Amino acid sequence: AEKGGVGGEGGAQVCRHQSGLPVVAVKHVRWPHMLGDLDRRPRLGRERIGLEAAEMALRLGMHDLASGAFDAAAGYAASRGLYARSAAIEERRLDLLPELGDPLEIGDAYAALAWAGHELGRFEDGLERAEEGLHQVGATLPSAQVHLVSWGSVIRYRLGDWDGALAALDGLRELLDE
């Protein structure tokens, strides 16, 4: 296989599949909050690796993969409660919207920003992101819809929109067949 890319601990590399298409392999980019203290690698290095993988995927025209890599990179900051930092990385996913084909990436990008808006106390911004995401993915992907409706409900509650929060919660229960 033809290889090239970023080496070192973790890192990313591009290989060519037997079909001739480029494949980006990201090594050791795990969800930082799942590793606890057992992992001795610097977690900030994972953010760097995720960002490098995203840039590499962009150069290859693989926008859905780039979106997922940006999300992985934002995981470090989110796991540390650095939501302004994670939101700045997640915002880069929205720049890719015209090129994204995977509704999961679209819905997740908006949901991650709704979550960050909630945690930063920017409730109106978070609610706007949740609603934009629902508009974009609609009912095409129930998993993304659940994520977006959940954040919309929580944020409406924080804003004192009790009726809206309860209506969103009822909608969520319907989605979950409860």
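Above this text is the structure in question.
Now for a description of the structure that goes with this document. What you are looking at is a predicted structure, and each value in this text was computed from that prediction instead of being measured. For every chain, the first residue of its written sequence is number 1, and the numbers climb from 1 along that sequence. With pLDDT at 70 or above as the cut-off, local features in this predicted model cover only qualifying residues; side-chain atom pairs require 80 or more to be listed or tallied, and sums for whole chains, interfaces and linings still use all residues. Side-chain numbers here rest on the full set of heavy atoms in the structure, without hydrogens or water.

## Quick notes on helix H3 (residues 83–94)
Helix and strand definitions follow DSSP, with helices as H or I runs of at least four residues and strands as E runs of at least two, each counted in order from the N terminus. Here the expected length of a helix is defined as 1.5 Å per residue gap, with one fewer gap than residues. Between its terminal C-alpha atoms H3 stretches 16 Å, which fits the 16 Å expected from 12 residues at 1.5 Å a residue. When a residue's accessible area, from a 1.4 Å probe over protein chains only, is under 20% of the maximum for its type it is buried; when over 50% it is exposed; and in between it is partly exposed. Of all the positions in H3, only Tyr83, Ser86, Ala87, Ile89, Glu90, Arg93 and Leu94 are classed as buried.

## Quick word on the nonpolar core
Most often, soluble globular proteins have nonpolar side chains that are buried together. In this text, buried Ala, Val, Leu, Ile, Met, Phe, Trp, Tyr and Cys residues form a nonpolar core when linked through side-chain atoms within 4.5 Å. Core analysis: the biggest nonpolar cluster contains 24 residues, and Leu94, Leu97, Ile106 and Tyr110 have the highest contact counts within it. Secondary structure elements with two or more residues in this core: helix H1 (43–59), helix H2 (63–79), H3, helix H4 (103–119) and helix H6 (142–158). The element that contributes the greatest number of residues to this core is H4, accounting for 6 residues. Counting residues in each nonpolar core, the second largest holds 5 residues, with Ala114, Leu127, Trp151 and Ile155 among its members.

## Overview of the pattern of salt bridges
Any carboxyl oxygen of Asp or Glu within 4 Å of a side-chain nitrogen of Lys or Arg constitutes a salt bridge here. Under the counting rule described, the total for this entry stands at 10 salt bridges. The partner of Glu47 in a salt bridge is Arg85, and the shortest N-O contact between them spans 2.9 Å. Of this pair, Glu47 sits in helix H1 while Arg85 is found in helix H3, placing the two residues 38 residues apart along the sequence. Arg85 gets classed as partly exposed once you look at its relative accessible area, which sits at 34%. Note that Arg92 is salt-bridged to Glu55, the shortest N-O span being 2.3 Å. One end of the pair, Arg92, is in helix H3; the other, Glu55, is in helix H1, and 37 residues separate them in sequence. Taking the relative accessible area as the measure of exposure, Arg92 reaches 33% and is therefore partly exposed.

## Things to note about the environment of Ala78
Tracing the backbone through its elements, the reader meets Ala78 in helix H2. Residue classification places Ala78 among the buried positions, given a relative accessible area of 17%. Between the C-alpha atoms of Ala78 and Ala116, which are 38 residues apart in sequence, the distance is 8.2 Å.

## Observations regarding H2
Here H2 contains 17 residues, and its C-alpha end-to-end distance of 24 Å stays within 8% of the 24 Å for a straight helix at 1.5 Å per residue. Of all 17 residues that make up H2, 13 are buried, and the element is covered over most of its length.

## Here's the deal with the environment of Glu52
For Glu52, the location among the structural elements is in helix H1. Separated by 14 residues in the primary sequence, Glu52 and Ala66 place their C-alpha atoms 9.5 Å from one another.

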